[in-house]
Amino acid sequence: MVTPAILFVVGASGVGKTAAVRTLEARRMTGVRCYFFDSIGIPTAEVIEQEWGSGEKFQEEMTKSWVERLAINEDNAEVAVLDGQTRPSFIQQHLARAGIGHNCLLMLDCATTVRNARLRGPRRQPELASDSMDAWAAYLRGQADALGLRVLDTSDISIEEVADVLQEESEALRRAIRAAA
């Protein structure tokens, strides 16, 4: 099997990652497969602490596991799109080890008021509209800025428009893979 290109779609809860990746998935693009970080099941904070020692270690190990899983490419994808709430630095450190040459990390972000309104309203997860989620979003944005990642502000654009950007990035990765072959 061929190692796929990977498009990582990262950001805090409420920025539109999952909705945009699901919209992209519904377009059934040839060679593009979509995956969702949380589909592995997220243990309770107590279990994470017992088994991994911290949420950060859990996140790092699960990110490594996802990169390795996608590199194996059991679904024979040209481009794997992974929606996840993880540190970009964790992703980058595992790409070379897994032999992933073609990749793109896209950070989704939005205004705090918009994210919190989404979490309280349509998402029905008001507990996530918190100071700790605001801090997490700021941390992720800082990592994206430090690493020179593309940041897409979803505050004033539709999920379809976000999915259009994901489709463009997927197509660019697919072209890059084909050019290298």
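Calculation notes
- Residues numbered from 1 in each chain as written.
- Predicted model: local features only at pLDDT ≥ 70, side-chain atom pairs only at ≥ 80, totals over all residues.
- Heavy atoms only, no water.
- Helix = DSSP H or I, 4+ residues; strand = E, 2+ residues; numbered from the N terminus.
- Rg over C-alpha atoms; globule rule 2.2 N^0.38 Å.
- Buried < 20%, exposed > 50% of the residue type's maximum accessible area, 1.4 Å probe, protein only.
- Contact = heavy atoms within 4.5 Å.
- Areas by Shrake-Rupley, 256 points an atom, 1.4 Å probe, with all protein chains shown as cover.
- Pairing = 2+ DSSP bridges.
- Axes fitted to C-alpha atoms, helices over the stretch in contact; angles between N-to-C directions.
- Core = buried A, V, L, I, M, F, W, Y, C linked by side-chain atoms within 4.5 Å.
- Disulfide = S-S within 2.5 Å.
- Phe/Tyr/Trp six-rings, centres within 6.5 Å; stacked < 30°, edge-to-face > 60°.
- Lys NZ or Arg CZ within 6 Å of the ring centre and 35° of its normal.

A. Spotlight on the overall build of the chain. The helix and strand inventory of the chain stands at seven helices and five strands. Starting at the N terminus, the α and β elements of the chain follow one another as β-α-β-α-α-β-α-β-α-α-β-α. Over its C-alpha trace the chain gives a radius of gyration of 16 Å, about what one expects of a compact globule, namely 16 Å for 181 residues. Referenced to the eigenvectors of the C-alpha coordinate spread, the extents of the chain come out at roughly 45 × 40 × 30 Å. The proportion of buried residues among the 181 residues of the chain is 45%. Considering only contacts within the chain whose residues lie at least 6 apart along the sequence, 80% involve residues at least 24 apart. Of the roughly 9100 Å² of accessible surface on the chain, a fraction of 49% belongs to carbon and sulfur atoms.

B. Seen up close, the sheet that holds strand β5 (residues 150–153). Strand order in the open sheet formed by five strands is β2-β3-β1-β4-β5, and the pairing between neighbours is parallel. Both edges of this open sheet fall to β2 (32–36) and β5, since each of them pairs with a single strand only. Going across the sheet, the axis of each strand differs from the next one's by a mean of 20°, ignoring polarity. Two elements, β2 and strand β3 (residues 79–84), share five bridges in a ladder whose sense is parallel.

C. Expanded view of the nonpolar core. Phe8, Leu70, Leu82 and Leu95 are the most contacted members of the largest nonpolar core, which has 26 residues in total. Counting only elements with at least two residues in this core, the list comes to β1 (5–10), α3 (55–72), β3, α4 (88–95), β4 (103–109) and α6 (131–147). Among the elements that line this core, the one with the most residues is α3, at six residues. When near neighbours in sequence (up to four residues on either side) are disregarded, phenylalanine 8 contacts Val67, Leu82, Ile91, Leu95, Asn103, Cys104, Leu105 and Leu106.

D. Looking closely at unusual backbone geometry. With a phi close to 60°, asparagine 73 is a non-glycine residue in the positive phi region. Mapping asparagine 73 onto the fold places it in the loop between α3 and β3. The class of asparagine 73 is buried, set by a relative accessible area of 3%.

E. Spatial organisation of the state of the cysteines. All told, the structure shown has zero disulfides when counted by the stated rule. No disulfide involves cysteine 104; its nearest neighbouring cysteine sulfur is the one of cysteine 34, lying 14 Å away. Free cysteine cysteine 110: the closest other cysteine sulfur is in cysteine 104, separated by 19 Å.

F. Representation of the pairing of β4 within the structure. Among the seven residues of β4, six are classified as buried, and the element is accordingly described as predominantly covered. Across four bridges, β4 lies against β5 in parallel orientation. Paired with methionine 107 across the strands is valine 151, a residue of β5.

G. Structural context of the pairing of β3. When you tally the buried positions in β3, you get six out of six residues, the bulk of the element. With burial as the criterion, each face of β3 is covered, one bearing Val79, Val81 and Asp83 and the other bearing Ala80, Leu82 and Gly84. Of the strand pairs in this sheet, β1 and β3 are connected by six bridges, and their pairing is parallel. Within β3, the residue paired with phenylalanine 8 across the bridge is leucine 82.

H. Broad picture of the packing of aromatic side chains. Throughout the structure, instances matching the rule amount to two aromatic pairs. Judged by centre distance (5.8 Å) and plane angle (15°), the ring pair of tryptophan 136 and tyrosine 139 falls under stacked. Within this pair, tryptophan 136 and its partner tyrosine 139 are both found in helix α6, separated by three residues, close to a single helical turn. Given the relative accessible area of 14%, tryptophan 136 is considered buried. Tyrosine 139 gets classed as partly exposed once you look at its relative accessible area, which sits at 37%. Its guanidinium or amino end placed over the ring of phenylalanine 36, arginine 22 lies 4.1 Å from that ring's centre, counting from NZ or CZ.

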